[in-house]
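Chain by chain, the residues:
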Amino acid sequence: MMADENNNQETPVVETAAPEAAEADTGGQQREGRGRGRGRGGERGEGRGRGRGRDDRRGRNQEEEGEELIEKLVHINRVSKTVKGGKRFGFAALVVVGDGSGRVGFGHGKAREVPEAITKATASAKKKMVRVPLKEGRTLHHDGKGRYGAGKVNVRSAPAGTGIIAGGPMRAVFESLGVADVVTKSVGTSNPYNMIRATFDALTNQTSPKSVAQRRGKKVADLLGRGGASEAEAEADAAAIVE
């Protein structure tokens, strides 16, 4: 009987101790699991955040680089270089790039293949873009002359509906610039490189009434009213000027 009572007393002690130990073990494992899960989640979260930041930057760069530009291939020339054992042939490309609203640039590049030469010329043209003031967004503000080497060009503003009256290389420049009405004349060499450089010389000398008024410290209406126009007409013309 004493043995049975001892067995009965020891048995509950073992049964009650085992669940408590199991609960303690499971609780510790759950806590460790939660801690690990949070750590991993934090690491993943940080990784995702960094990835999104990079993606946003890439998207912004693509948007900036994705500006719509007008690219005109003006001339391709095959060039050769004499080396020991023969000649190496390559290609030189002349490209004009513009946004169609007052900015234009030109560039040239050389490579062994035509597509690579065009790519180099386009990249060079994008780096050297200049802004030209336009009258009403369609023509030049005033007449001008440009010269480079043996190339001479004359450019004149024209009324609406005239169109682009210009030769091949010069036409590419004005189409990329966004000019709709202009009259030009090229005198001298017909080399496309010199013609385009002379054209850019004439365009960089273009000024607008706003820039002249700011330089002289006057109002645009004062400059426009000197031709015999009334003050009201001069003010209306000054308000209508869009560079």
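Structure: see above.
Just so you know, these numbers come straight off a predicted model, no measurement behind them.

Draft legend 1. Focus on the pairing of strand 5 (residues 144-148). As defined by bridge partners, strand 5 adjoins strand 6 (residues 151-157) across five bridges and the pair is classed as antiparallel. In the strand pairing of strand 6, R147 is matched with K152. If you look at the hairpin formed by strand 5 and strand 6, you'll find two residues sitting between the two strands, and G149 has a positive phi there, around 60 degrees.

Draft legend 2. Layout of the sheet that holds strand 6. With respect to topology, four strands assemble into an open sheet ordered 5-6-8-7, the strand pairing being mixed. Edge positions in the sheet fall to strand 5 and strand 7 (164-165), since each has one partner strand and no second. Strands strand 6, strand 7 and strand 8 (182-188) of the sheet are contacted by helix 3 (residues 168-177), whose axis makes an angle of about 150 degrees with strand 8. In the packing of helix 4 (residues 192-204) onto the sheet, the strands contacted are strand 5, strand 6 and strand 8, and the crossing angle to strand 5 comes to about 140 degrees.

Draft legend 3. A look at the side chain of Q206. By the element assignment, Q206 lies in the loop between helix 4 and helix 5 (209-216). Only 3.0 Å separates the side chain of Q206 from the backbone oxygen of H142, close enough to count as a polar contact. Dropping the residues within four chain positions of it, Q206 is found in contact with V132, P133, L140, H141, H142, D143, G144 and V155.

Draft legend 4. Layout of the pattern of salt bridges. Under the counting rule described, the total for this entry stands at five salt bridges. R156 is paired through a salt bridge with D143; the nearest N and O atoms lie 3.5 Å apart. Of this pair, R156 sits in strand 6 while D143 sits in the loop between strand 4 (130-131) and strand 5, and the two are 13 residues apart along the sequence.

Draft legend 5. Structural view of the environment of I76. Among the secondary structure elements, I76 is positioned in strand 1 (residues 70-83). The exposure class of I76 is partly exposed, given its relative accessible area of 36%. As for I76 and G109, which are separated by 33 residues in sequence, their C-alpha atoms are 9.8 Å apart. With sequence-adjacent residues up to four places away left out, I76 is seen in contact with F91, A92, A93, V114 and I118.

Draft legend 6. Structural context of the nonpolar core. Core analysis: the largest hydrophobic core is formed by 25 residues, its most contacted members being V173, F174, L177, I196 and L203. Mapped by element, the contributors of at least two residues to this core are strand 2 (86-98), strand 3 (103-111), strand 6, helix 3 and helix 4. Top element by residues in this core is helix 4. It accounts for seven residues. Residues lining this core come from more than one domain, with at least three contributed by each of domain 1 (70-131) and domain 2 (144-226). Look past the residues within four positions of L203 in its chain and what remains in contact with it is V132, L140, V173, F174 and L177. By size, the runner-up hydrophobic cluster in this structure holds eight residues, among which are A93, V95, A117 and M129.

Basis of the calculations
Position numbers for residues count from 1 along each chain, tracking the sequence in the order it is written. Confidence filtering applies because this is a predicted model: local features only for residues at pLDDT of at least 70, side-chain atom pairs given and counted only at 80 or more, and all residues used for totals across whole chains, interfaces and linings. Neither water nor hydrogens contribute to the side-chain values; these are computed over all heavy atoms in the structure. Between any two strands, at least two bridges found by DSSP are needed for them to pair. Helical segments are the DSSP runs of H or I of at least four residues, strand segments are the runs of E of at least two, and each set is numbered from the N terminus. Throughout, a contact is declared for two residues whenever any of their heavy atoms are within 4.5 Å. For helices, the fitted axis covers only the stretch in contact; all axes are lines through C-alpha atoms, and the angles between them, taken along N-to-C directions, range from 0 to 180 degrees. Any N or O atom pair separated by 3.5 Å or less is treated as a polar contact, with the protein-specific requirement of one donor-capable and one acceptor-capable atom, and with residues adjacent in sequence counted only for side-chain atom pairs. What counts as a salt bridge is simple: a side-chain nitrogen of Lys or Arg found within 4 Å of a carboxyl oxygen of Asp or Glu. Remark: exposure states derive from per-residue accessible area (1.4 Å probe, protein chains only) relative to the maximum for the residue type, with buried under 20%, exposed over 50%, and partly exposed in between. Here, nonpolar core means buried Ala, Val, Leu, Ile, Met, Phe, Trp, Tyr and Cys residues that are tied together by side-chain atoms lying within 4.5 Å of each other. Note that domain bounds follow an automatic or database assignment of domains.

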